[in-house]
Amino acid sequence: MKIANYVILIAFLVLMIYASLGFPNRGDANARMNRETSLTGSTNAPSYYIHNANRDAHTPNMVTVILADYRGYDTLGEETVILTAGLICFLLLRKKRIPNDQK
């Protein structure tokens with residue numbers, strides 16, 4: 001059983017390394033994600049965010065505009081998941097008080 005676990009782990013690591021070989025090099029200006037337009041000719045989302053963040057939201061902080069305005073529902077969902085996980089941890093780890101008459 002232990003050998004099977006190691007074989008599965010090694011196979012998974014080999015698969016992850018093989019999959020990562022298809023990624024573009026870091027900082028590659030010709031990578032698809034760094035182009036101004038997509039293959040269909042439309043503007044890529046990152047290019048739109050960079051060029052229009054200040055005009056759309058009248059806020060100089062681009063990160064705030066992206067997280068709060070453009071991707072607001074995504075951010076709300078992530079915050080909901082984090083809040084739920086925190087509440088579950090709190091409820092599981094809290095100490096229950098035993099009333100004096102049951103001691």
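Residues numbered from 1 in each chain as written. Predicted model: local features only at pLDDT ≥ 70, side-chain atom pairs only at ≥ 80, totals over all residues. Heavy atoms only, no water.

**Details of the side chain of asparagine 44**
Considering the arrangement of structural elements, one finds asparagine 44 in the loop between helix H1 (2–20) and helix H2 (45–57). Apart from residues lying up to four places away in sequence, asparagine 44 is in contact with Arg32, Met33, Arg35, Glu36, Thr37 and Ser38. (Helix = DSSP H or I, 4+ residues; strand = E, 2+ residues; numbered from the N terminus. Contact = heavy atoms within 4.5 Å.)

**Quick word on the pattern of salt bridges**
Under the definition given, this model contains two salt bridges. Taking the shortest distance from any N to any O, the salt bridge between aspartate 56 and arginine 55 comes out at 3.4 Å. Arginine 55 sits in the exposed class, given a relative accessible area of 51%. (Salt bridge = Lys/Arg side-chain N within 4 Å of Asp/Glu carboxyl O. Buried < 20%, exposed > 50% of the residue type's maximum accessible area, 1.4 Å probe, protein only.)

**Overview of the packing of aromatic side chains**
Going through the model one piece at a time under the given rule, you end up with two aromatic pairs. Relative to tyrosine 70, the ring of tyrosine 49 lies with its centre 4.6 Å away and its plane at 15 degrees, an arrangement referred to as stacked. Highlighted residues: tyrosine 49 in helix H2 and tyrosine 70 in helix H3 (residues 62–70), separated in sequence by 21 residues. Pairwise contacts between aromatic rings join Tyr48, Tyr49 and Tyr70 into one cluster. (Phe/Tyr/Trp six-rings, centres within 6.5 Å; stacked < 30°, edge-to-face > 60°.)

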